[in-house]
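# Structural features, examined
Chain residues, written in single-letter form:
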Amino acid sequence: MDRIKTDVLIVGAGPTGLSLACQLVRYGIDFIIVEKNEGVTRFSKALGVQARTLEIYEQLGLAHLAVERGTIATKVRMLAGGRVRGEMDISGVGQGQSPYPYILFLEQSKNEELLYEYLRRHQGKVFWNTELESFSQDGDGVTALVKRGDGQSSTITAKYLVGCDGAGSFVRRSLGLTFEGSTFERLFYVADARVDWELPHDAVQVCLARDVFTLFFPMKGERRYRIVGTFPEGVGKGEGKVLYEEIERQIKREARLQLEISEVNWFSLYKVHSRRVNRFSEGRSFVAGDAAHIHSPAGAQGMNTGIQDAYNLAWKLAFVIKGWAGEELLETYNEERLQNAKRLLETTDRIFELAAGTNWLLGLLRTTVFPRLAGFLATLGPIRKRFFPLISQIGITYRALSLSDSTDDAVFSIRAGDRMPNVRIEGQSIYEKLRAPKFHLLVFSEGGSDNQRMKDELKDEYHDTIDCQVFSLDSSVKKIFGTNEPFTLLLRPDNHVAFISAEISPGRVRAYLSRVLTGSSSGKTLELALASTG
């Protein structure tokens, strides 16, 4: 029997597991992925890629490839009774809020290919056709037994284990984590196909009816669409018991349009579940992605949320494994992502009820009032400004949680815990300067020798763990942050604000890192630990 040793064992090579591995590559952390399937999925599955995911991809140098391979919809066209009832212009809906001010349609299979290509370029290890059979953990690490497709077994010892193994997660069940929630009883279908009709291939086509809906999402390729819809309430067949021909009849009947569907690459039936774990971790083992939360497809949040789980966890694992932080830091993964999962389920449930609820009055409003009203609302700047952060996940915040020091941020528009806003510096997004996997201390001022001395001092003390940059306090910065005075801002490695302060001094940084990374506020500092690794 083989015996393998690594830092992190990742179970599952879907978007979440592959994303976690890619992030660990950035930090130089050793890992192994085991995946029971033979390779990346052949099925399209999840479709929407949100702006926050593209910002994460940008740090890997993958965002431009994702955009090239995907499709950007510029409109949402609403139909009822076979006629266009309203239209929403969503082109550039997030302009100024992100370098990627749109929703990208790029199916899960292509996201997985993109991430796996990155791993192969960096010699990342994925053990395909390999299944986790059992594991145990103690204070020193995790010991896992895995079985390969040829029947041979291997023992893997790791410092940590992360279950990214989907809704039926073996890791979650083995840890005894609960997965409570509800199931929407109506039957849904999804299909990838060619659709020939008179409508242009420039929009999400939404066909509304009193008790069902049918959505057509444009995909890469001539007249290629992802079709998602519901069967009427009371259809008694279970998942896997409906033939594709029945789905096609349902689509034509409800859309009431002259259309032909052909070249069906994939179709599936499912019921929508809304569930989450009670905790994201137990001991040295964690769960992420669908293993931790599942919900309705409303808003294209699922795959993106799993990728953000991985993004949040990766830097914390890296800092602990490298000895730069105490294990207490890992508790903040559960704290932050559990709060987000709770909020996510509430939001997607509300959106889903609006789109698919069976209340007769809601159905009437959905087919008559909403299509006309939606088009008007989409033109209003305040509505667009609020809608995009919600749907794109750039609005996720960790305010009032352990890693957010809000001591003196009340005078600013941006608070501790918020994602770093899309500030433009010399014509380009500030994210271009935030790619390194480390903390970033940003000073916004009129310059001066004191700032240079502080940069040199922090560089000497903290080596490669903190990057310090000074920027001009121009009018756009003043507007975004709501201040006319110089200030400092410390970003976590995941580009969420650790603190923002009018105090510009190394002492502010030392105090934060002493508290957060060592888990102590007694004056013990991080310098010695960092110096020993330098």
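Structure's up top.
Summary of the structure given here. (Residues numbered from 1 in each chain as written. Predicted model: local features only at pLDDT ≥ 70, side-chain atom pairs only at ≥ 80, totals over all residues. Heavy atoms only, no water.)

Turning to the sheet that holds strand β3 (residues 48-49), a few remarks are in order. Strand order in this open sheet of three strands is β3-β7-β4, and the pairing throughout is antiparallel. Of all strands in the sheet, those with a lone pairing partner are β3 and β4 (71-72), marking the two edges. Pairing geometry for β4 and strand β7 (residues 104-105), over two bridges, is antiparallel. Along β7, the bridge assignment pairs Ile72 with Leu104. (Pairing = 2+ DSSP bridges. Helix = DSSP H or I, 4+ residues; strand = E, 2+ residues; numbered from the N terminus.)

Another point: empty space enclosed by the protein. Within the structure shown, the criterion is met by one cavity of 30 Å³ or more. Taken as a whole, the largest cavity encloses approximately 30 Å³ of empty space. Residue contributions to the lining of the largest cavity peak at three residues, all from helix α7 (residues 302-321). A class-by-class count of the residues in the lining of the largest cavity yields two nonpolar, three polar and two charged. (1 Å grid on protein atoms, 1.4 Å probe; cavity = no way out; pocket = protein on both sides within 12 Å on 5 of 7 lines; lining within 4 Å. Points joined across faces, edges and corners; volume = space filled by probe spheres on them. Nonpolar A, V, L, I, M, F, W, Y, C, P; charged D, E, K, R; others polar.)

Turning our attention to the packing of helix α1 (residues 15-27) against helix α4 (residues 108-121). Running from N to C, α1 and α4 cross one another at 25 degrees; their axes reach a closest spacing of 9 Å. Judged by the inter-axis angle, α1 sits roughly parallel to α4. As for how α1 packs across α4, the hand of that crossing is left-handed. Only Gln108, Glu112, Leu115, Tyr116, Tyr118 and Leu119 of α4 make contact with α1, whose side of the interface consists of Pro15, Leu18, Ser19, Ala21, Cys22, Val25 and Arg26. Taken together, the residues of the contact of α1 with α4 sort by class into nine nonpolar, two polar and two charged. (Axes fitted to C-alpha atoms, helices over the stretch in contact; angles between N-to-C directions. Parallel < 35°, antiparallel > 145°, perpendicular 65-115°, else oblique. Left-handed = near helix turned anticlockwise from the far one by under 90°. Contact = heavy atoms within 4.5 Å.)

Taking burial as the measure, the five residues of strand β25 (residues 497-501) include five buried ones, the bulk of the element. In this antiparallel pair of consecutive strands, strand β24 (residues 487-491) and β25, the connection spans five residues, and Asn495 shows a positive phi of 65 degrees. (Buried < 20%, exposed > 50% of the residue type's maximum accessible area, 1.4 Å probe, protein only.)

As for its placement among the helices and strands, Thr16 is situated in helix α1. Classification of Thr16 by relative accessible area gives buried; the value is 10%. Once residues lying within four places of it in the same chain are set aside, the contact partners of Thr16 are Cys164, Ala288, Gly289, Gly306, Ile307 and Ala310.

This part takes up the environment of Gly12. One can find Gly12 in the loop between β1 (2-11) and α1. On a C-alpha basis, the gap between Gly12 and Glu131 in space is 9.0 Å, while along the polypeptide they are 119 residues apart. Not counting residues up to four positions away in its chain, the partners in contact with Gly12 are Gly17, Ile33, Val34, Glu35, Cys164 and Asp165.

The strand order β23-β22-β24-β25 describes an open sheet built from four strands, whose pairing is mixed. Edge positions in the sheet fall to β23 (466-472) and β25, since each of these pairs with one other strand and no more. Across the sheet, the mean angle separating the axes of adjacent strands is 15 degrees when strand polarity is ignored. Note: strand β22 (residues 439-445) against β23, seven bridges, orientation parallel. Bridge pairing links Leu441 to Cys468 in β23. Packed on one face of the sheet, helix α14 (residues 506-517) meets β22, β23, β24 and β25 and runs near 150 degrees to β25.

A few words on the pattern of salt bridges. Applying the stated criterion across every chain yields a total of 31 salt bridges. For the salt bridge of Arg223 with Asp196, the shortest nitrogen-to-oxygen distance reads 3.6 Å. In this pair, Arg223 sits in the loop between β14 (213-218) and β15 (224-230) while Asp196 sits in strand β12 (residues 179-196), placing the two residues 27 residues apart along the sequence. Through salt bridges with shared partners, a single ionic network connects Lys75, Arg77, Glu87 and Asp202. (Salt bridge = Lys/Arg side-chain N within 4 Å of Asp/Glu carboxyl O.)

It is worth spelling out the side chain of Asp409 at this point. By secondary structure assignment, the location of Asp409 is in the loop between α11 (381-392) and β20 (424-425). Among buried charged residues, Asp409 stands out as having no salt bridge; its nearest opposite-charge side chain is Arg415, 4.4 Å away. Polar contacts involving the side chain of Asp409 include one to the main-chain amide nitrogen of Ala416, which spans 2.9 Å. Once residues lying within four places of it in the same chain are set aside, the contact partners of Asp409 are Ile414, Arg415, Ala416 and Ile500. (Lys, Arg positive; Asp, Glu negative; His and termini not counted. Polar contact = N/O pair within 3.5 Å; in protein donor to acceptor, adjacent residues only side chain to side chain.)

A few words now on the packing of aromatic side chains. Tallying each qualifying case throughout the model produces 18 aromatic pairs. With a centroid separation of 5.9 Å and an interplanar angle of 70 degrees, the aromatic rings of Phe286 and Tyr333 are classed as edge-to-face. One end of the pair, Phe286, is in strand β18 (residues 285-287); the other, Tyr333, is in helix α8 (residues 331-356), and 47 residues separate them in sequence. The residues Phe286 and Tyr333 share a single accessibility class, namely buried. Measuring from centroid to centroid gives 5.2 Å for Phe319 and Trp324, while their planes differ by 80 degrees, and the two rings are edge-to-face. Taking the relative accessible area as the measure of exposure, Phe319 reaches 1% and is therefore buried. These aromatic residues form a ring-pair network of at least three members: Phe412, Phe444, Phe471, Phe481 and Phe487. Just above the ring of Phe179 sits the side chain of Arg172; from NZ or CZ to the centre is 3.7 Å. Geometry around Phe499 places Arg508 over its ring, the cationic atom sitting 4.2 Å from the centre. (Phe/Tyr/Trp six-rings, centres within 6.5 Å; stacked < 30°, edge-to-face > 60°. Lys NZ or Arg CZ within 6 Å of the ring centre and 35° of its normal.)

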